[in-house]
Amino acid sequence: MSSCPDCRDAAQQPWHGFHASCEGCTARSVSRSPHFARVRASGTQDAGYRRLLDMAGVSHQQVKDAAAADRIREA
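I will try to describe carefully the structure that is included in this document. Source: prediction; values computed, not measured.

Attention shifts here to the packing of helix H1 (residues 5-12) against helix H2 (residues 23-31). Their axes nearest at 8 Å, the elements H1 and H2 cross at an angle of 45 degrees. Relative to H2, the element H1 lies oblique. Seen from above, H1 lies across H2 with left-handed handedness. Of the residues in H2, those in contact with Asp6, Cys7 and Ala10 of H1 are Gly24, Cys25 and Arg28. Looking at the contact of H1 with H2 residue by residue, the classes come out as three nonpolar, one polar and two charged.

Next up, the structure:
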C-alpha cells in the first residue's frame, strides 16, 4: 500500500485528488483515461497507449493494479 494520502483515500472512497510526484497517482490517472478504456475494451495495447505509458513512466501492470484499487469505479 502506498504511503500517499491520495492513493489511500482513492482506495477507500471515490476520490479525485492526485500528487504529481506519486507513481501510484500517475498510474491511477492513466487508468481513468480514455486511452486505458480503449485498450481494455480492445484487449490490445496500441501505440498511443504505449506512448502514454512511456510519458507517464508507469507500466501497464501498475495501471491495471491502480484501476482495480480505485473506488471511483464503484461510484
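We now examine the packing of aromatic side chains. Given two aromatic rings, one states the distance between the centres and the angle between the planes to describe the pair. Under the counting rule described, the total for this entry stands at one aromatic pair. Plain terms: the ring middles of Phe36 and Tyr49 are 6.3 Å apart, the flat faces sit at 35 degrees to each other, and that makes the pair tilted. A residue pair is termed long-range when its members are at least 10 positions apart, and Phe36 in helix H3 (residues 34-42) and Tyr49 in helix H4 (residues 47-56) qualify at 13 residues. Phe36 gets classed as buried once you look at its relative accessible area, which sits at 3%.

Rules behind the numbers
- Residues numbered from 1 in each chain as written.
- Predicted model: local features only at pLDDT ≥ 70, side-chain atom pairs only at ≥ 80, totals over all residues.
- Heavy atoms only, no water.
- Axes fitted to C-alpha atoms, helices over the stretch in contact; angles between N-to-C directions.
- Helix = DSSP H or I, 4+ residues; strand = E, 2+ residues; numbered from the N terminus.
- Parallel < 35°, antiparallel > 145°, perpendicular 65-115°, else oblique.
- Left-handed = near helix turned anticlockwise from the far one by under 90°.
- Contact = heavy atoms within 4.5 Å.
- Nonpolar A, V, L, I, M, F, W, Y, C, P; charged D, E, K, R; others polar.
- Phe/Tyr/Trp six-rings, centres within 6.5 Å; stacked < 30°, edge-to-face > 60°.
- Buried < 20%, exposed > 50% of the residue type's maximum accessible area, 1.4 Å probe, protein only.

Keep in mind these values describe shape, not function.
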